[in-house]
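Working through the structure, step by step
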Amino acid sequence: METVEYESARELCKLANNRVTESSGLACSRNAPGVFWTHNDSGDAARVFAFNTEGRDLGACLVTGTGARDWEDMASFKVQGKSFLLLGDVGDNEKKSDVHELYLVGEPPVDPRRGLAVQQMPVLSAIRYRYEDGRHNCESIAVDPVTRAILLVTKDGGKKCSAYALPFPRQPSTEPVVARKIAALNIPTATGMDVSANGRRAVVVTYGDAYEYKRGADEDWAAAFARQPRKLPMPRRAQGESICYGPDGKTLYLTSEKAPSPLWEIPAKRPKANR
């Protein structure tokens, strides 16, 4: 299984958009290299923000047909040549909700220099789900573009959390699908996650470090999460709740909920040339 070696973390910039006050989710663009998406935590409108690696404000896009109760994380992925964002209205600190929602949106068209070409995008599908074993708080979602699995990691407090999976719905439904528990993870306070573009690695970030899990070609995510993860040191952030792989599927990026949000990069080391 592939192992990626990383260089030291470096802060690339501070986000110029002062409307990004609590960057809770983060995803790279699948159409415009060098562009990223983020959204605020609870209390904001249903919108996503675009920016580049220089922190430049590339605009905001309203997501129509829904609200934003407690958006906690997002994922970007490509299926059959089309790029999508999945937005997780999954936060539930007081564990009051039986059903949560994930919103599927086409990735808004954006130019790395000129910015967003549209000001709003409709929800293509609202995926309602419930956990098989009761109520949970969650701040971490990801999509495996290969297996089409939606992954969730709970944030229930203490030094443990749990991983759940649900299949990507083949057709819209008002009935909630069931998120099945696939593993108990011995890591604390999971606040964000992502899956690499090749579907082989998943990274889960906490307020401190991150943990990476690897999936073999013939394995499911239950097998991957059953193994001890690789611990990845993360830079100190004021309140780090987001992480994503870059377009190369290896380099890691992070933001922080405290404004102005920094954008951190943890580059993947380049293989040494054979002499």
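Whatever comes next refers back to the structure up there.
Below is a summary of the structure that appears in this document. (Residues numbered from 1 in each chain as written. Predicted model: local features only at pLDDT ≥ 70, side-chain atom pairs only at ≥ 80, totals over all residues. Heavy atoms only, no water.)

1. Observations regarding the nonpolar core
Counting residues in each nonpolar core, the largest one holds 20 residues, and the members touching the most others are Leu151, Val153, Leu185 and Phe225. Where this core is concerned, the elements lending two or more residues are strand E13 (149–154), strand E14 (161–167), strand E15 (177–185), strand E16 (190–195), strand E17 (201–206), strand E18 (210–214) and helix H1 (221–226). The residues contacting Phe225, other than those within four sequence positions of it, are Leu151, Ala163, Ile182, Ala183, Leu185, Met193, Ala202 and Tyr213. (Core = buried A, V, L, I, M, F, W, Y, C linked by side-chain atoms within 4.5 Å. Buried < 20%, exposed > 50% of the residue type's maximum accessible area, 1.4 Å probe, protein only. Helix = DSSP H or I, 4+ residues; strand = E, 2+ residues; numbered from the N terminus. Contact = heavy atoms within 4.5 Å.)

2. Quick notes on unusual backbone geometry
Negative phi is the rule for most residues except glycine; trans is the rule for most peptide bonds. With an omega of -5 degrees, the peptide bond running from Ala259 to Pro260 counts as cis. Positionally, Pro260 belongs in the loop between strand E21 (252–255) and strand E22 (262–266). Despite not being glycine, Lys95 has its phi angle at roughly 55 degrees, a positive value. Note on placement: Lys95 falls in the loop between strand E7 (82–89) and strand E8 (100–106). Overall, the relative accessible area of 32% leaves Lys95 in the partly exposed class. Positive phi, normally seen in glycine, also occurs at Arg148, with a value near 65 degrees. As for its position among the elements, Arg148 is in the loop between strand E12 (138–143) and E13.

3. What about the packing of aromatic side chains?
Scanning all chains against the criterion turns up 9 aromatic pairs. Residues Tyr213 and Phe225 carry aromatic rings whose centres are separated by 4.7 Å and whose planes lie at 65 degrees to one another, so their mutual orientation is edge-to-face. Of the two residues, Tyr213 sits in strand E18 while Phe225 sits in helix H1, which places them 12 residues apart along the sequence. Phe225 carries the same exposure label as Tyr213, and that label is buried. (Phe/Tyr/Trp six-rings, centres within 6.5 Å; stacked < 30°, edge-to-face > 60°.)

4. Points about the environment of Asn40
By secondary structure assignment, the location of Asn40 is in strand E3 (residues 35–40). Each C-alpha atom, one on Asn40 and one on Lys160, is 25 Å from the other, the two residues being 120 residues apart in sequence. If we skip the residues at most four places from it in the chain, Asn40 touches Arg19, Val20, Thr21, Glu22, Ser23, Ser24, Phe49 and Trp71. A distance of 2.9 Å separates a polar side-chain atom of Asn40 from the backbone oxygen of Arg19. One polar contact links the side chain of Asn40 to the main-chain amide nitrogen of Thr21, over a distance of 3.0 Å. (Polar contact = N/O pair within 3.5 Å; in protein donor to acceptor, adjacent residues only side chain to side chain.)

5. Here's the deal with the pairing of E15
Where strand E11 (residues 120–131) lies against E15, 3 bridges are found, and the strand directions are parallel. Across the sheet, the residue bridging to Tyr129 is Val177, located in E15. As defined by bridge partners, E14 adjoins E15 across 5 bridges and the pair is classed as antiparallel. Among the inter-strand pairings, Ala165 is bridged to a residue of E15, identified as Arg180. (Pairing = 2+ DSSP bridges.)

6. With respect to the sheet that holds E16
Here 4 strands make up an open sheet; going across it, the order is E16-E17-E18-E19 and the pairing antiparallel. Among the strands making up the open sheet, the edge pair consists of E16 and strand E19 (230–232). Here the strands of the sheet are splayed against their neighbours by 25 degrees on average, with no regard to which way each runs. Bridging between E18 and E19 involves 3 bridges; their strand directions are antiparallel. Residue pairing across strands places Tyr211 opposite Lys231, the latter belonging to E19. (Axes fitted to C-alpha atoms, helices over the stretch in contact; angles between N-to-C directions.)

7. Re the sheet that holds E21
Sheet architecture is open: 4 strands sit in the order E1-E22-E21-E20, paired in antiparallel fashion. The strands lining the two open edges of the sheet, one partner per strand, are strand E1 (10–14) and strand E20 (242–245). The sheet shows a mean angle of 25 degrees between the axes of neighbouring strands, taken without regard to direction. Here 3 bridges tie E21 to E22, and the two strands are oriented antiparallel to one another. Bridge assignment links Leu254 to a residue of E22, and that residue is Trp264.

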